[in-house]
Amino acid sequence: MVLVGKVQVETLIKAPADKFHEMLWKRPHHISNVSPQNIQKCHLHEGDWGSLGSIITWNYAIDGKALVSKQIIEAVDEKNKSITFKAIEGDLMKEYKSFKVLFQAISKGDFTLVHWTLEYEKLNKDIPVPLKEVGFIIQASEHIDDHLVQA
């Protein structure tokens, strides 16, 4: 019985990699304005926006179900435009012993490749692979891209 897993997905966007990275790192509280059907609120619980070790609470919805996740910014690599969020409380922790979201924005000429990785350990074998979360992330990425391209 395998409880540890990893799901990776990539999406191509038009916004510059540095702008997309900045939105998730320094201005995640703005995401609820550009993807309100996915993210209703992003609250700074501890630390400062854009600071390593800061704790953020996300209020979000998947398939119309209201969810909450408290996450710590575990790693930031400004040069490689990557961030690691680690879930520490909330709905994800009801199904997963550990859950991390890693993202990297990679410049590809006129486009940006956004690479997302979900690393998790399920509490038991009956917990599904987090594919709904992948769809949620892709949709939110598209909304952020639309916003940044229009700005």
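In what follows, the structure referred to is the one given above.
Residues numbered from 1 in each chain as written. Predicted model: local features only at pLDDT ≥ 70, side-chain atom pairs only at ≥ 80, totals over all residues. Heavy atoms only, no water.

Caption draft 1: Molecular detail of the side chain of Ser-82. Here Ser-82 is to be found in strand 5 (residues 82–90). Those residues in contact with Ser-82 that lie beyond four places of it in its chain are His-21, Ala-75, Val-76, Asp-77, Phe-103 and Gln-104. (Helix = DSSP H or I, 4+ residues; strand = E, 2+ residues; numbered from the N terminus. Contact = heavy atoms within 4.5 Å.)

Caption draft 2: Structural view of the packing of aromatic side chains. Per the counting criterion, the structure on display carries 6 aromatic pairs. Among the aromatic residues, those joined into a cluster by ring pairs are Phe-20, Phe-103 and Trp-116. (Phe/Tyr/Trp six-rings, centres within 6.5 Å; stacked < 30°, edge-to-face > 60°.)

Caption draft 3: Quick peek at the environment of Met-23. Turning to its location among the elements, Met-23 is positioned in helix 1 (residues 17–26). Classification of Met-23 by relative accessible area gives buried; the value is 0%. Distance in space between the C-alpha atoms of Met-23 and Ile-144 is 8.2 Å, their sequence separation being 121 residues. Setting aside anything within four residues of it in sequence, one finds Met-23 in contact with Pro-28, His-30, Ile-31, Ile-144, His-147 and Leu-148. (Buried < 20%, exposed > 50% of the residue type's maximum accessible area, 1.4 Å probe, protein only.)

Caption draft 4: Structural view of the nonpolar core. If you look at the biggest cluster of nonpolar residues, it comprises 38 residues, and the most contacted ones within it are Phe-20, Ile-31, Trp-58, Tyr-60, Phe-99, Phe-103 and Trp-116. The biggest single contributor to this core is helix 3 (residues 131–150), with 6 residues. Not counting chain neighbours up to four residues away, the residues in contact with Tyr-60 comprise Asn-38, Ile-39, Gln-40, Lys-65, Ala-66, Leu-67, Val-68, Ser-69, Leu-92 and Phe-136. (Core = buried A, V, L, I, M, F, W, Y, C linked by side-chain atoms within 4.5 Å.)

Caption draft 5: Representation of helix 3. Along its 20 residues, helix 3 runs 29 Å from first to last C-alpha, staying within 8% of the 28 Å computed at 1.5 Å per residue. Turning to helix 3, its buried residues number three or more, namely Glu-133, Val-134, Phe-136, Ile-137, Ile-138, Ala-140, Ser-141, His-143, Ile-144, Asp-145 and Leu-148. (Expected span 1.5 Å × (residues − 1).)

Caption draft 6: Representation of the pattern of salt bridges in the model. Per the stated rule, a full pass over the model turns up 7 salt bridges. Between Lys-132 and Asp-63 there is a salt bridge whose closest N-O contact spans 3.3 Å. Placement of Lys-132 in helix 3 and of Asp-63 in the loop between strand 3 (55–62) and strand 4 (65–77) is noted, with a sequence separation of 69 residues between them. For the pair formed by Lys-132 and Asp-63, the shared burial category is exposed. Across the pair Glu-89 and Lys-70 runs a salt bridge, and its minimum N-O distance is 3.6 Å. Placement of Glu-89 in strand 5 and of Lys-70 in strand 4 is noted, with a sequence separation of 19 residues between them. For Glu-89, a relative accessible area of 42% translates into the label partly exposed. (Salt bridge = Lys/Arg side-chain N within 4 Å of Asp/Glu carboxyl O.)

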